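What follows is the residue order along each chain.
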Amino acid sequence: MKESPNLPATLQQQMNNRDLWPVLTNDMLQKSGLPGPRANLALAGSFASLFANPDVTEDAWELITAWAQIPESEAAAGDPQEFLVFCAVWACGAHYAYGGTGRRSQAEGFLRAAMNDARWRIREAAAMGLQSIGEYDFVLLKQLLEGWRAESTLLEQRAFVAALAHPPLLKPELNALYCLEVADGIMEGIGRDASRSADPEHFRVLSKGLEYSLSVFAARLPEPGFAMLRKYAESRDARLMKIVKSNLGKSRLTKKYPVEVAELLQVLTTG
């Protein structure tokens, strides 16, 4: 759905005026695309972008903090109410770089809760919020992740790699090297049996994230990227080998690096 060019101004007016919050909420719900296979990402993106500045009013901030805390019992997966949570979480990430200490602390709490949410769409909003931070200042995103990595849950780790597997973030080589470092650390954790006692669904979600993100990093930096894939192809750990095999099937690698892909597939099959 193509949004009106006047949409940002309309949203801005509504979110800054408490009397118009019911109108805004109803409009967002009606245009959410839910229930349905796809939420209205164009609308969500327009809404989040309004928070990517330092002049977000207290009223607007209060609105998204309220939306971010709508419980799952009132906003189940696929319910239009879920869209409000989605938009709020993404907006928290968009505002993070511009916010003061108090707002940053709140945003971190909402982002981290969303990473661990049972609803996949809310987990995706958290990853998109992290991408917004990284697009503004990758060093700031790195500092945030470094504060979380040591004690991160499997679902948080999935959010990290999903957020980092974003081509605009990978343009500087140092950024891409950091992404490989994060991914390597997560893979090492799996190899150390750190995930065997975890919730199987949480591991499945993490694995699915790793099954495509490693190929994004390897396509950007093929030499260290394929070296990492080789390390885990040779691990003989079935979980790690499955992740490697899935990445080797991605066209971003098969089309550009067919020889390297064939070599690693041979490693996977023959050991």
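Everything that follows concerns the structure shown earlier in this document.
Everything numeric in this text was worked out from a predicted model, so none of it was measured.

### Notes on the overall build of the protein chain
Regarding its fold elements, the protein chain presents 16 helices and 0 strands. Within the protein chain, buried positions represent 51% of all 271 residues. By element, 52% of the accessible surface of the protein chain is carried by carbon and sulfur atoms, the whole surface being about 12,700 Å². When the 29 positive and 32 negative side-chain charges of the protein chain are each reduced to one mean point, those points stand 7 Å apart.

### Quick look at helix α4 (residues 58-68)
Along an α-helix, residues three or four apart share an orientation, since each turn contains 3.6 residues. For α4, every residue scored as buried is listed here: Ala60, Trp61, Leu63, Ile64, Thr65, Trp67 and Ala68. Close packing links the buried residues of α4 with α1 (7-15), α2 (21-30), α3 (41-49), α5 (80-96) and α6 (101-115).

### Quick look at the packing of aromatic side chains
Counted according to the given criterion, the structure contains 7 aromatic pairs. Where Phe83 meets Phe86, the ring centres are 6.5 Å apart and the plane angle is 5°; that geometry is what we call stacked. One end of the pair is Phe83 and the other is Phe86, both in helix α5 and 3 residues apart, which spans about a single turn. For the pair Phe83 and Phe86, a shared accessibility class is recorded, and that class is buried. Centre to centre, the rings of Phe138 and Tyr178 are 6.0 Å apart; their planes meet at 85°, and the pair counts as edge-to-face. Pair noted here: Phe138 is in helix α8 (residues 138-148) and Tyr178 is in helix α11 (residues 173-191), with a separation of 40 residues, a long-range link. Each of the two residues, Phe138 as well as Tyr178, counts as buried.

### Examining the nonpolar core
Among the nonpolar cores identified, the biggest contains 98 residues, and Met28, Phe47, Phe51 and Leu130 are the most heavily contacted of them. When residues of this core are assigned to their parent elements, the largest contribution, 12 residues, is made by α5. When neighbours within four sequence positions are excluded, Phe51 is seen to be in contact with Met15, Val56, Ala60, Trp61, Ile64, Ala91, Ala94, His95 and Tyr98.

### As for the packing of helix α13 (residues 222-233) against helix α14 (residues 238-248)
Where α13 meets α14, the closest approach of the two axes is 8 Å, and the angle between their N-to-C directions is 140°. The pairing of α13 with α14 is recorded here as oblique in orientation. Every pair of crossing elements has a handedness; the one defined by α13 and α14 is left-handed. Where α13 approaches α14, its residues Phe226, Leu229, Tyr232 and Ala233 are matched on the opposing element by Leu240, Met241, Val244, Asn247 and Leu248. Here the residues of the contact of α13 with α14 sort into 8 nonpolar, 1 polar and no charged.

### Here's the deal with the side chain of Ser32
Mapped onto the fold, Ser32 is located in the loop between α2 and α3. Here Leu34 takes part through its backbone nitrogen, which lies 3.1 Å from a polar atom of the side chain of Ser32. In this structure, Ser32 is in contact with Arg38, Ala39, Asn40, Pro80 and Phe83, ignoring residues within four places of it in sequence.

### Side note on α6
The first and last C-alpha atoms of α6 sit 21 Å apart over 15 residues, in line with the 21 Å expected at 1.5 Å per residue. The complete set of buried residues in α6 reads Arg103, Ala107, Phe110, Leu111, Ala114 and Met115. Around the axis of α6, the buried residues are gathered within 135° of arc, so they sit on the same side. The inward-facing, buried residues of α6 contact α4, α5, α7 (120-136), α8 and α9 (154-164).

### Section: unusual backbone geometry
If a residue is not glycine, its phi is most likely negative; likewise, a peptide bond is most likely trans. Cis peptide bonds are those with omega within 30 degrees of zero, and the linkage from Leu34 to Pro35 qualifies with -5°. The topology assignment puts Pro35 in the loop between α2 and α3. A positive phi angle, near 65°, is found at Arg236, a position not held by glycine. Examined against the element boundaries, Arg236 turns out to sit in the loop between α13 and α14.

### Observations regarding the environment of Arg252
Tracing the chain through its elements places Arg252 in helix α15 (residues 251-254). The exposure class of Arg252 is partly exposed, given its relative accessible area of 37%. Put simply, Arg252 and Val56 are 196 residues apart on the chain and 39 Å apart in space, counted from C-alpha to C-alpha. Among all residues touching Arg252, those that are not within four sequence positions of it are Tyr212, Ser215, Val216, Ala219 and Tyr257. Here Ser215 takes part through its side chain, which lies 2.6 Å from a polar atom of the side chain of Arg252.

### Section: the pattern of salt bridges
Here the structure, examined in full by the defined rule, presents 15 salt bridges. Of the charged contacts, one joins Arg112 and Glu156 as a salt bridge, the two residues approaching to 2.9 Å between their closest N and O atoms. One end of the pair, Arg112, is in helix α6; the other, Glu156, is in helix α9, with 44 residues separating them in the sequence. For Arg112, a relative accessible area of 25% gives the class partly exposed. For Arg230, the salt bridge identified is with Glu234, shortest N-O distance 3.4 Å. Residue Arg230 is classed as partly exposed on the basis of its relative accessible area of 31%. Take Glu234: its relative accessible area is 44%, and that puts it in the partly exposed class.

The rules behind these values
Residues numbered from 1 in each chain as written. Predicted model: local features only at pLDDT ≥ 70, side-chain atom pairs only at ≥ 80, totals over all residues. Heavy atoms only, no water. Helix = DSSP H or I, 4+ residues; strand = E, 2+ residues; numbered from the N terminus. Buried < 20%, exposed > 50% of the residue type's maximum accessible area, 1.4 Å probe, protein only. Areas by Shrake-Rupley, 256 points an atom, 1.4 Å probe, with all protein chains shown as cover. Lys, Arg positive; Asp, Glu negative; His and termini not counted. Charge placed at Lys NZ, Arg CZ, Asp CG, Glu CD. Contact = heavy atoms within 4.5 Å. Phe/Tyr/Trp six-rings, centres within 6.5 Å; stacked < 30°, edge-to-face > 60°. Core = buried A, V, L, I, M, F, W, Y, C linked by side-chain atoms within 4.5 Å. Axes fitted to C-alpha atoms, helices over the stretch in contact; angles between N-to-C directions. Parallel < 35°, antiparallel > 145°, perpendicular 65-115°, else oblique. Left-handed = near helix turned anticlockwise from the far one by under 90°. Nonpolar A, V, L, I, M, F, W, Y, C, P; charged D, E, K, R; others polar. Polar contact = N/O pair within 3.5 Å; in protein donor to acceptor, adjacent residues only side chain to side chain. Expected span 1.5 Å × (residues − 1). Arc of directions from axis to C-beta. Salt bridge = Lys/Arg side-chain N within 4 Å of Asp/Glu carboxyl O.

That's the geometry; what it means functionally is another story.
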